[in-house]
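Chain residues, written in single-letter form:
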Amino acid sequence: MKQKIAIIGFGTVGQGLCEILLKKREYLKEKYDYEFEVVAVADFVYGNVFNAEGLDISKMLEEAKAKKKFSEDLTEWNNIELIKNCNADVVCELTFTDLKTGGPAIDHCIAAFESGKHIVTSNKGPAALKYQEMKKLAEKNGVTFQIEGTVVAGTPVINLAEGPLAGCEISKIRGILNGTTNYMLSEMEKGMSYDEVLKIAQELGYAEADPTGDVEGYDARGKVTILANVVMGAPLKIDDVACEGITKITPEDIKKAKEKNARWKLIGTVEKKDGKVVGSVAPEMIDLSHPLAGIMGATNALTFTTDLLGDVTIVGPGAGRIETGFSILTDLLKIFRTK
Ligand code: HSE
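Quick look at the structure, then.

Scoring rules and cut-offs
- Residues numbered from 1 in each chain as written.
- Predicted model: local features only at pLDDT ≥ 70, side-chain atom pairs only at ≥ 80, totals over all residues.
- Heavy atoms only, no water.
- Helix = DSSP H or I, 4+ residues; strand = E, 2+ residues; numbered from the N terminus.
- Rg over C-alpha atoms; globule rule 2.2 N^0.38 Å.
- Buried < 20%, exposed > 50% of the residue type's maximum accessible area, 1.4 Å probe, protein only.
- Areas by Shrake-Rupley, 256 points an atom, 1.4 Å probe, with all protein chains shown as cover.
- Lys, Arg positive; Asp, Glu negative; His and termini not counted.
- Charge placed at Lys NZ, Arg CZ, Asp CG, Glu CD.
- Phe/Tyr/Trp six-rings, centres within 6.5 Å; stacked < 30°, edge-to-face > 60°.
- Lys NZ or Arg CZ within 6 Å of the ring centre and 35° of its normal.
- Axes fitted to C-alpha atoms, helices over the stretch in contact; angles between N-to-C directions.
- Parallel < 35°, antiparallel > 145°, perpendicular 65-115°, else oblique.
- Left-handed = near helix turned anticlockwise from the far one by under 90°.
- Contact = heavy atoms within 4.5 Å.
- Nonpolar A, V, L, I, M, F, W, Y, C, P; charged D, E, K, R; others polar.
- Near = heavy atom within 4 Å.
- Polar contact = N/O pair within 3.5 Å; in protein donor to acceptor, adjacent residues only side chain to side chain.
- Salt bridge = Lys/Arg side-chain N within 4 Å of Asp/Glu carboxyl O.
- Bend = angle between axes of the 7 residues up to and from the residue.
- Core = buried A, V, L, I, M, F, W, Y, C linked by side-chain atoms within 4.5 Å.
- Pairing = 2+ DSSP bridges.

Here we take up the overall build of the protein chain. Looking only at helices and strands, the protein chain features 13 helices and 12 strands. Against the globule reference of 20 Å for 339 residues, the protein chain gives a C-alpha radius of gyration of 20 Å, in line with a compact fold. Along the first, second and third principal axes, the C-alpha set of the protein chain runs to 60 × 45 × 40 Å. Taken across its 339 residues, the protein chain has 54% of its residues classed as buried. Just so you have it, the protein chain exposes about 15,200 Å², and 51% of that area is on carbon and sulfur atoms. Between the mean site of the 41 positive side-chain charges and the mean site of the 49 negative ones, the protein chain shows a separation of 2 Å.

Applying the stated rule across the entire model yields 10 aromatic pairs. An angle of 40° between the planes, with centres 5.6 Å apart, marks the rings of Tyr46 and Phe70 as tilted. With Tyr46 in the loop between strand E2 (36-43) and strand E3 (47-50) and Phe70 in the loop between helix H3 (57-65) and helix H4 (79-85), this residue pair connects regions lying 24 residues apart in the sequence. Tyr46 sits in the buried class, given a relative accessible area of 9%. Members of the aromatic cluster, each reached through a chain of ring pairs, are Phe10, Tyr46 and Phe70. Stacked on the ring of Tyr27, the Lys or Arg Lys24 has its end atom at 4.6 Å from the ring centre.

The contact between helix H8 (residues 179-189) and helix H9 (residues 194-203) brings their axes to 9 Å, and the two run at 135°. Our classification of the angle between H8 and H9 gives oblique. H8 and H9 meet at a crossing whose hand is right-handed. Note on element contacts: H9 touches H8 through Tyr194, Val197, Leu198, Ile200 and Ala201, opposite Thr180, Tyr183, Met184, Glu187 and Met188. Of the residues belonging to the contact of H8 with H9, the class tally is 8 nonpolar, 1 polar and 1 charged.

Moving on to the site of the ligand. Surrounding the ligand, one finds Lys124, Asn178, Gly179, Thr180, Tyr206, Ala207, Glu208, Asp214, Asp219, Lys223, Gly318 and Ala319. Contact distances for the ligand include 3.5 Å between an oxygen atom and a side-chain N or O atom of Asn178. Summarising the interface, the protein chains cover 93% of the accessible area of the ligand, which totals 250 Å² for the free molecule. Listed by contribution, the elements that provide at least two residues to the shell around the ligand are H8 and helix H11 (218-230). Of the residues contributing to the shell around the ligand, the split by class is 3 nonpolar, 4 polar and 5 charged.

You can see Asp214 is positioned in helix H10 (residues 212-215). The side chain of Asp214 sits in the buried core without any salt bridge; Lys223 is the nearest counter-charge, 6.0 Å away. Among the polar contacts made by the side chain of Asp214, one reaches the side chain of Asn178 at a distance of 2.8 Å. Non-local contacts of Asp214, meaning those with residues more than four positions away in its chain, are made with Asn178, Thr180, Thr181, Ala207, Glu208, Asp219 and Leu266.

Our focus in this paragraph is helix H6 (residues 124-140). In H6, a bend of some 105° at Lys130 exceeds every other bend along the element. When H6 is considered as a whole, its buried residues turn out to be Lys124, Gly125, Pro126, Ala127, Ala128, Tyr131, Met134, Leu137 and Ala138. Those residues of H6 that are buried are in contact with helix H5 (105-114), strand E6 (145-146), helix H7 (158-162) and H11. Where H6 starts, the residue carrying a side-chain oxygen 2.8 Å from the main-chain nitrogen of Gly125 turns out to be Asn123. A positive phi of about 70° marks Gly142, the residue just after H6.

Looking now at the nonpolar core. Formed by 66 residues in total, the largest nonpolar core has its most connected members in Phe113, Phe145, Ile173, Leu227 and Phe304. Contacts of Phe304, omitting those with residues within four sequence positions, involve Val157, Leu160, Ala161, Leu165, Ile170, Lys172, Ile173, Val231, Gly310, Asp311, Val312 and Ile314. In this structure, Leu55, Val90, Leu333 and Ile335 belong to the second largest nonpolar core, which totals 31 residues.

If you walk across this open sheet you meet the 6 strands as E3-E2-E1-E4-E5-E6, and the pairing is mixed. Two strands lie at the open edges of the sheet, namely E3 and E6, each paired on one side alone. Across 2 bridges, the pairing between strand E5 (residues 118-121) and E6 is parallel. Across the sheet, the residue bridging to Val120 is Gln146, located in E6.

Now the structure itself:
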């Protein structure tokens, strides 16, 4: 049976996902017997569209690239009505992250669960602010809350911890969790100015809609909170996580680190301490001999400290259009393959 997909938010990630789906349609059918149709899309710029048989996403991508509104299958339904009334099996919640309130994404997730639809999301709001509630509501309605894309884009951090590492007790997770700041610190080392590199990070699709979230460490803090909840099962709240960003790091600090054979990295940590799970985000001067010092650009890296395997480290892209689009695809396939 074809998987029917609704996409809420047709920005960088939504478009990236559709590009991948179009490009890989035959491969996905051949390799996994996976077939799909996108039946609904909601976007506050391009409009809300619905077609129970499947939308023409190729045309929609062209329209979005030309900054034109969608021209076919328009519907009067608002986002919530669209989620509830459409015939999708899975709703991809790809609107902008709002770590203060969760934004409309929380209501989108609730509407999906209550109408028996899975959620796949890269939006950190619902997972960072209401993970336990979202998971319970999904379970109550016989569906799932899939959030691989909320931490380190498509690099499989959540699925690694929940799948292949199941059975290992994880006592600590530590690493580089924000692509924008790692990219900025890498480029600033080469002599570029803070403002210049931030602008490029935005153009490359790494930075959040409001990049304050990246540079102040709030994005990494959201991810630390998610990891604490999902991997460690600790109901940590965002405000429980100590947080400092990279805004105070000056070219002079970067030079000083270099002289000491070290480099600055924004490090997120979740660990079990005296029976309690604690989280933090802060810049650290890392010796060049340390593996995390070699992680440059928008690449992220995360080390899980486990009882049975010792340290397990995963390195991969932490941001970007296709990289985050892939995180959605991997969760769509997970739902399809675990039926
Ligand atoms: N702004 C984020 C980053 C995107 O730079 O890592 C992925 O969450």
